Amino acid sequence: DYTEKLATIAQKTLLIWGKTDESTPLWQGETMSTLIPLNSMKTFDAGHFPHHTYPEEVSTEILKFIL
């Protein structure tokens, strides 16, 4: 469990999460989002692999984040 370390992340962080993810449920991503200082969280109506379900949308979010 790295929960205590999340607040020490100093880099901008993009969290991409599937709303219906059963492996790592949305609440875990939301928790990370509240603890990582410089983060942006994008959710998709998908399971554990939103990049498979929405490849163009996910890649667009990644490009917006890094450019």
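Heads up: these notes are all about the structure in this document.

**Things to note about the overall build of the protein**
Thinking step 1. Along the protein, the regular secondary structure elements total three helices and two strands.
Thinking step 2. When its helices and strands are written in sequence order, the protein yields β-α-β-α-α.
Thinking step 3. Against the compact-globule benchmark of 11 Å for 67 residues, the protein has a radius of gyration of 12 Å, which places it among compact chains.
Thinking step 4. Judged by the C-alpha coordinates and their principal axes, the protein covers about 30 × 30 × 15 Å.
Thinking step 5. In the protein, which comprises 67 residues, the share counted as buried stands at 19%.
Thinking step 6. A fraction of 63% describes how many contacts in the protein between residues 6 or more apart in sequence connect residues 24 or more apart.
Thinking step 7. Of the roughly 4900 Å² that the protein leaves accessible, carbon and sulfur atoms contribute 56%.

**Overview of the pattern of salt bridges**
Thinking step 1. Within the structure shown, the criterion is met by two salt bridges.
Thinking step 2. The residue E61 makes a salt bridge to K64 at a minimum N-O spacing of 3.4 Å. Of this pair, E61 and K64 both sit in helix α3 (residues 55-66), separated by three residues, roughly a single helical turn.
Thinking step 3. On the basis of relative accessibility, which here comes to 56%, the residue K64 falls in the exposed class.
Thinking step 4. Bridged by salt links that share partners, the residues K42, E61 and K64 form one connected network.

**Brief notes about the environment of I66**
Thinking step 1. Mapping I66 onto the fold places it in helix α3.
Thinking step 2. Separated by 60 residues in the primary sequence, I66 and L6 place their C-alpha atoms 20 Å from one another.

**Considerations on the side chain of D21**
Thinking step 1. In this structure, D21 sits in the loop between β1 (13-18) and α1 (26-35).
Thinking step 2. Of the buried charged residues, D21 lacks a salt bridge, with K19 as the closest side chain of opposite charge at 13 Å.
Thinking step 3. Here H48 takes part through its side chain, which lies 2.8 Å from a polar atom of the side chain of D21.
Thinking step 4. With residues near it in sequence (within four places) discarded, D21 still touches L26, A46, G47 and H48.

**Quick word on a nonpolar patch on the surface**
Thinking step 1. A cluster of nonpolar side chains, I62, L63, I66 and L67, forms an exposed patch at the surface whose accessible area comes to about 430 Å².
Thinking step 2. Its relative accessible area of 55% is what places I66 among the exposed residues.

**As for the packing of aromatic side chains**
Thinking step 1. Within this structure, the stated rule accounts for one aromatic pair.
Thinking step 2. We note K12 situated over the ring of F65; from NZ or CZ to the ring centre the distance is 5.1 Å.

Criteria and thresholds
- Position labels on residues start from 1 in each chain and follow its written sequence.
- Residues qualify for local features only when their pLDDT is at least 70, as the model is predicted, and side-chain atom pairs are given and counted only at 80 or more; totals for whole chains, interfaces and linings, by contrast, use all residues.
- Heavy atoms from the whole structure form the basis of all side-chain values; hydrogens and water molecules are not counted.
- Helix numbers and strand numbers start at the N terminus; a helix is a DSSP run of H or I with at least 4 residues, a strand a run of E with at least 2.
- Radius of gyration: over C-alpha atoms. The globule rule applied is 2.2 Å multiplied by the number of residues raised to the 0.38 power.
- Between buried and exposed lies partly exposed: a residue is buried under 20% and exposed over 50% of the maximum accessible area for its type, with that area taken using a 1.4 Å probe on protein chains only.
- The contact criterion used is simple: two residues touch if any of their non-hydrogen atoms lie within 4.5 Å.
- Note on areas: Shrake-Rupley, 1.4 Å probe, and residue coverage restricted to the protein chains presented here.
- Salt bridge, as applied in this entry: a Lys or Arg side-chain nitrogen positioned within 4 Å of an Asp or Glu carboxyl oxygen.
- Lys and Arg are tallied as positive, Asp and Glu as negative. Neither His nor the chain termini are counted.
- Side-chain atoms alone can form a polar contact between residues adjacent in sequence; in general such a contact is a pair of N or O atoms within 3.5 Å, and within protein one must be able to donate a hydrogen while the other accepts it.
- Each patch is built from residues that are more than 30% exposed by relative accessible area and take part in no salt bridge. Like charges join if they lie within 9 Å; nonpolar side chains (Val, Leu, Ile, Met, Phe, Trp, Tyr) join within 5 Å.
- Aromatic contacts are taken between Phe, Tyr and Trp rings whose centres are within 6.5 Å, Trp giving its six-membered ring; a plane angle under 30 degrees counts as stacked, one over 60 as edge-to-face, and the others as tilted.
- Two thresholds decide whether a charge sits over a ring: the Lys NZ or Arg CZ must be within 6 Å of the ring centre and within 35 degrees of the ring normal.

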